[in-house]
Structure formats: structure tokens, C-alpha cells
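Residues per chain are reported as follows:
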Amino acid sequence: MGLQPLEFSDCYLDSPWFRERIRAHEAELERTNKFIKELIKDGKNLIAATKSLSAAQRKFAHSLRDFKFEFIGDAETDDERCIDASLREFSNFLKNLEEQREIMALSVTETLIKPLEKFRKEQLGAVKEEKKKFDKETEKNYSLIDKHLNLSAKKKDSHLQEADIQVEQNRQHFYELSLEYVCKLQEIQERKKFEFVEPMLSFFQGMFTFYHQGHELAKDFNHYKMELQINIQNTRNRFEGTRSEVEELMNKIRQNPKDHKRASQFTAEGYLYVQEKRPPPFGSSWVKHYCMYRKAAKKFNIIPFEHRSGGKLGDGEVFFLKECIRRHTDSIDRRFCFDVEAADRPGVSLTMQAFSEEERKQWLEALGGKEALFPSFNRAIIPRPEGSAQLDKMGFTILRKCISAVETRGINDQGLYRVVGVSSKVQRLLSMLMDVKTCNEVDLENSIDWEVKTITSALKQYLRSLPEPLMTYELHGDFIVPAKSGSPESRVNAIHFLVHKLPEKNKEMLDILVKHLTNVSNHSKQNLMTVANLGVVFGPTLMRPQEETVAAIMDLKFQNIVVEILIENHEKIFRTLPDATLPEPVTLSASPPNAPPRQSKRQGQRTKRPVAVYNLCIELEDGDRPNLPKEDTPPSSLDSFSSPSPTAAAAHGPPGPDKNHLLADGGTFGDWASTAVPRWPAMIPRTLAEDIGLLVRVKGQYSSQP
């Protein structure tokens, strides 16, 4: 299991497990930084020490073999597996070169050293600076909160209000910085795969050209190099799309974080200060705890946690809630306080302090106390607004009219479905097609009023406007599972089975669309829309998760793979029934939203992952709870918190139980062409480029790339 995604919504919760996940990302980046630094040093040794070339190459090969990429999420694509395995392959190539014992000249400064130094200084260095600011702001924020909560409630209201405003402004600044830091951490984890491997690929190609007697080995390397370049380009394309989705989600959460709270197994959770009673003359102290409450079971967990002490978790306590009562400032010299009484600890009452009055009211509502005026912590998933598009007879008419026009007029248009139409024209066309009165009057095949890009954009917009994606919310996770693992054959069989579980109308429309996309891919030499490119465009159009999170966005690349499988196996999937003798696809259960960080396999022997390259086609011509404390808390474990309840006689009732188109709808075709084609600067000799026949069309002109 790789690194866990860092959810933006967790920046506002700032839980202990969120901090653990951040430290895991930071440790991985530090490991990467040290490795790159060592690799650069080794590269310079290869240039400067010809006499020690053999020893330097062996060390270099050893470094490559031992380093492994971590990934975000629970699975890798085939391209990422190939990139992950590439360093071991490079190590093997070096061993073969060492056997030849030929004297060679290496010029790796431009192709390896400078790009790695640039990546380390500009990217990893930037993350280090962000970490310093984040740590500094964390210290400042929680210090200010401590100071603020120690203010006496007897001070003037104006003084208290001014202090409240200052604390809130500081918290908002901290949240902003936290969002930026989390985004940067995840971006660099994804970026390093291609930013690091691509210079390595250039280095290897350049080194082979200088070998006088390495011609045969270089020919063997060429095939692998081409496949890896495609893996890198596919990964880069998916990265660009994923980054835009992540940034959009971050901006949504920044604008309204309360509307994007993640579904949780707890009714309420967050930080509270708990009063600890001490024997005279020491009085009492207030200790910050992370508290979690399940309303159905009336179960309360409190775990001491201090951000400024390295984030070490203390020993937690568990008790069952009897009642919750609001504390007035005339009975305690602190604001935002309330008392909770334990049902399983007679006479034990804890005084707790929230960060603000609003948070206290939320806790009171969740715990069944007084002033239950605010909605619960545990928000439901916000449903997506339904559009006017429906999966009915009119929808099939729209689909068939658009497909017929595209295949008649623009099947060979470059960037088909990737080049977008003018938004106003697309909306106008779609409105006319969805109107019973005007649908039949629209002539898409013969009319010059509607450009092909307008028609394709209208088709995609119709599919995205459906109340539910064509491949349904219910089966979304099931479709993703086979794309993450297994052999190509098992993936096809699993998706074949799942397609036939779709509702009949969904399957029928999907059949019509995929048949059309298969036809489009058959003309890829003219329109440059290969199966992989169509997967990028239609993956998020046909599939989307019901809840929008960073973890879901990280699965976009697997949605693309599912669409690629549908296109490449259309006849089998839609024209035959699934093999009844094969077992049903296995679905994987997701981890709870706030589960503790997963233990990396790096601590022991890493499980070997098979490298099964499913699709290498781009056009070169173009847990129930988190590590909670034990249930059986000894009677004395709450003694430091306990005090006779002043309100034990009070009776309270017990608490009751689209942007889904990635790069498809952004930029011009010229912009797309310049990014969709692999970059081939000095990494490939001219002779090799001629062998490949590399011919790239960029902005309407063909030019041979040396």
C-alpha cells in the first residue's frame, strides 16, 4: 500500500492521523531528495574519474536498484508500474555495460545532472520552504489559541471580541497555508516520477551512443526506451488532468469548507481542552485532546495530542456518555465550556472547552445537551444537481444524431473530441436538441452552421448532464477495481461482467457510444485520437464518483483505463455474454475516512508487482476506527479528570441514534498538440529519430524532431 492521499477537508480538522500522513509524505520527499543528491554525486564521479569508472557504475547501478517510488492511493496504473520498474531495468543495463569493459566518454551534464539539480532545487527545495512556513504557522496558531482560551471571561466584551477576531483571522491564515502545503506535497509526489525518470532516460540514451562496441546492447535498449517514453507521456498526461481536478477541489473547499466535510464514522470529532484535576496545592490544568463521539452507542473517545511536541499520541480514554450540560461563565472562569458525565463512571464529570462558541453549540447538539441549534458535524454527501438531460428516447436521438454527423463530416478531424467548441454555441445546440419542438429541425450532417467541435462538445455535455453517469454510481467502484490489478485478460473479463450488470438503457447507450469511439480510434492516424487519448477524454465523462475527494481524483487514471478496455474489446464485451464459468469480479472495501496511515511495505520486503503493460498506444506522430484506546478502561484511569458533577440531578433525554472532462474541454488544439506529444530534446540522437520516423505536427506544420 502506498502513501495515503491528503484530503483538503482534513486541513480544517487537523487530526492526529492527518499529521501522520503529512509526515509520511515529508519522509518520502526527504528520502527522494537524499537519493537524487547522491545520484548527482555519482554522475559527476562518472565524468571525472575514468579510471574508477567500473566501480562508480556498480555503485550507480546499486543505487538505482534499491530506490523505489511510492505512490498515492491503493494501486498503480500499468504505466506507473513500468516507471517504478524502470530503475531496476536501468540497473541491469549498467551491469551489462560493465561486462564490456570499454573505455567510453560520458557527457551527462546537460542530460542528467542539470535536470536533476533543477528538480531538486526548484521542486524539492520549494517543498522544504513550504514545510518551514507550515511548521512555523502551526506553532503560532496553537500558541495563540492556548493564549486566547486562557483569557478571563470577566474582561471587557470589546477586548474579548477583538481577541476572538484576531484568533479567527490567524486560524483562517493557518488553514490557507495548510491547504497550499498539502497541495504542494501531493503534486511533488506525482511529479517526481516523470521529472526524475525522464532525465535518466536521456542519460542512458546518450551514454549508449558513445559506446563503440555497445551497438547490439543499444538496439535492445531502444525497444524498452520507446515503451518507457510512452509510459512517461501517459503518466504526464494523467498528471496534468489530475492536477487541474485537485486544484478545483481545493478552491471549492477553500471557499466553503463546511459544505465539503467528509463522511465520518463519528457523529462528532475534533479538538477539546479537558480540565485535569490535581491534588492541592497544584490546582488544575487544561490539556488538549482529540475527541470522537458515536451517538448511536453513546461512546466517547478522548486522546491527548499536542501538535507542538512532535505530534505524539498519548494514552486515550473511553467512556459512555450519560449527559452533557452547558457551563456558564459565572461557574467557571473560561468560555466555551460544557460538562459531560460518564454513565459507566458514577460521579465522574469532565469539564471540556471548545475552540469557539459555535463549536461548543455543535458539540452540545451532537451530545444531546442544551442549545442544540446547529447542524451535526457529520454531514451527508451533497448530491450533485440533476440536469435536464435524461436517459430516454430523446437522449438516444441526441446521441445518434451527433454520432452520425461526426462520422459523416469529421471522423478525420485532428483532435476530435479533444478540441472544444465555443461554450455559447454548444449550449445553444444542446438546448435545441433537447427540445422536442426543435430537435427534428436540427440538421447536423448537412448544415454548415454547426462545426464538428460544437457537435462533439454538445455530445459530451449531454453525457455529463445526466443525473447519474452512464456507468452509474453504484458500479463505479466495481469498475475501478479490475483496472488497478490483474492481467489484461482478467481485466477484460471483469469489465465484461460488470457491463452486463448495468441497467438496460445504460448498457444500450454505452454500446452505441463505444462502437462510435472504436471507429474514431480506427482513424487515429488522421485524427490523432488513439485509444489512450479517447480514454482521457471520456473516462471522467462516463464515470465519476458520488463524493468528490482527492482520493477519488487519484482514481481518474483508472477510469481512463476502463474506457480504453471498452473501446479495444467492444465486440466481445457488447456482443457476447460473460463467461459463466469465470468467478465474479472481487470488490475491494475502502478504508474508513479517518483511518490511521497505512504501514508502508518499505519496512520489510516489498511485494513484487507484476508489470503488465496493458496499453502503450499514443501516437508518436502526434478499519472501523483509528488506533483507538482500549475498551476496558480501569476505574482509576479517569481520576485525573473526575470531579463530582454539580448538575448530576439535571435530567436530560438520551441522544437519538463537473468538471469531469480533464483536459478535454480546455485549451486550443495547438496547446494540446504541444503537450500531447512527448518532448524529444537532446535525449534522442538524430539517427534514432530517423529510425523511428518521428514526425510531429505542431500548430499546422510538420517538422522532423532530431
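Please read all numbers here as calculations on a predicted model, not as lab measurements.

Take empty space enclosed by the protein next. The computed volume of the second largest cavity comes to approximately 90 Å³. If you trace the second largest cavity, you find it lined by Cys183, Gln186, Glu187, Glu190, Phe239, Thr242, Arg243, Val246 and Met554. At the level of secondary structure, the elements contributing two or more residues to the lining of the second largest cavity comprise helix H6 (157-209) and helix H7 (215-255). Its residues assigned to classes, the lining of the second largest cavity shows four nonpolar, two polar and three charged.

Running from N to C, helix H2 (residues 16-48) and H6 point in directions that differ by 30°, and their axes come no closer than 11 Å. Considering their axes alone, H2 and H6 lie roughly parallel with respect to each other. Note on packing geometry: the crossing formed by H2 with H6 is left-handed. Between H2, through Phe18, Arg19, Ile22, His25, Glu26, Glu28, Leu29, Thr32, Phe35, Ile36, Leu39 and Leu46, and H6, the contact on the second element is made entirely by Phe174, Ser178, Tyr181, Val182, Leu185, Gln186, Ile188, Gln189, Lys192, Phe196, Met200 and Phe203. Class assignment for the residues of the contact of H2 with H6 results in 15 nonpolar, five polar and four charged.

With that out of the way, let us pick up the pairing of strand E6 (residues 349-353). Counting buried residues in E6 gives five out of five residues, a clear majority hidden from the surface. By the alternation rule, side chains of E6 split into Ser349, Thr351 and Gln353 and Leu350 and Met352, which are all buried. Note that strand E5 (residues 337-342) and E6 share five bridges and pair antiparallel. Residue pairing for E6: Glu341 is matched across the bridge by Ser349. Here E5 folds back onto E6, and the loop between the two strands holds six residues, one of which, Gly347, carries a positive phi near 80°.

Another aspect to go through is the confidence of the model for the protein. Detailed reading of the predicted coordinates is not advisable wherever pLDDT is low. Within the protein, residue pLDDT values average 75, and 75% of them lie at 70 or more. Across the protein, the secondary-structure element scoring lowest on mean pLDDT is strand E7 (residues 695-698), at 32, and the one scoring highest is helix H15 (residues 504-522), at 95. Counting contacts from residues 372-387, a segment whose pLDDT is below 50, to residues more than four positions away or on other chains yields 36 contacts. Across residues 588-706 the pLDDT falls below 50, and counting only partners more than four positions away or on other chains, this stretch makes 287 contacts in the model.

With that settled, consider the side chain of Thr267. Tracing the sequence through the fold places Thr267 in the loop between H7 and strand E1 (268-277). Thr267 gets classed as buried once you look at its relative accessible area, which sits at 15%. Side-chain polar atoms of Thr267 contact the backbone nitrogen of Lys295, separated by 2.8 Å.

Now for the packing of aromatic side chains. Within the structure shown, the criterion is met by 20 aromatic pairs. Arranged with centres 4.7 Å apart and planes meeting at 45°, the rings of Tyr12 and Tyr175 form a pair that is tilted. A residue pair is termed long-range when its members are at least 10 positions apart, and Tyr12 in helix H1 (residues 9-13) and Tyr175 in helix H6 qualify at 163 residues. Summarising the burial analysis for this pair, Tyr12 and Tyr175 share the class buried. Each member of the aromatic cluster is reached from another via a ring pair, and the members are Tyr12, Phe134, Tyr142, Phe174, Tyr175 and Tyr181. Over the aromatic face of Tyr142 sits the side chain of Lys288, whose NZ or CZ is 5.0 Å from the ring centroid.

About the criteria used
Residues numbered from 1 in each chain as written. Predicted model: local features only at pLDDT ≥ 70, side-chain atom pairs only at ≥ 80, totals over all residues. Heavy atoms only, no water. 1 Å grid on protein atoms, 1.4 Å probe; cavity = no way out; pocket = protein on both sides within 12 Å on 5 of 7 lines; lining within 4 Å. Points joined across faces, edges and corners; volume = space filled by probe spheres on them. Helix = DSSP H or I, 4+ residues; strand = E, 2+ residues; numbered from the N terminus. Nonpolar A, V, L, I, M, F, W, Y, C, P; charged D, E, K, R; others polar. Axes fitted to C-alpha atoms, helices over the stretch in contact; angles between N-to-C directions. Parallel < 35°, antiparallel > 145°, perpendicular 65-115°, else oblique. Left-handed = near helix turned anticlockwise from the far one by under 90°. Contact = heavy atoms within 4.5 Å. Buried < 20%, exposed > 50% of the residue type's maximum accessible area, 1.4 Å probe, protein only. Pairing = 2+ DSSP bridges. pLDDT = per-residue confidence, 0-100. Polar contact = N/O pair within 3.5 Å; in protein donor to acceptor, adjacent residues only side chain to side chain. Phe/Tyr/Trp six-rings, centres within 6.5 Å; stacked < 30°, edge-to-face > 60°. Lys NZ or Arg CZ within 6 Å of the ring centre and 35° of its normal.

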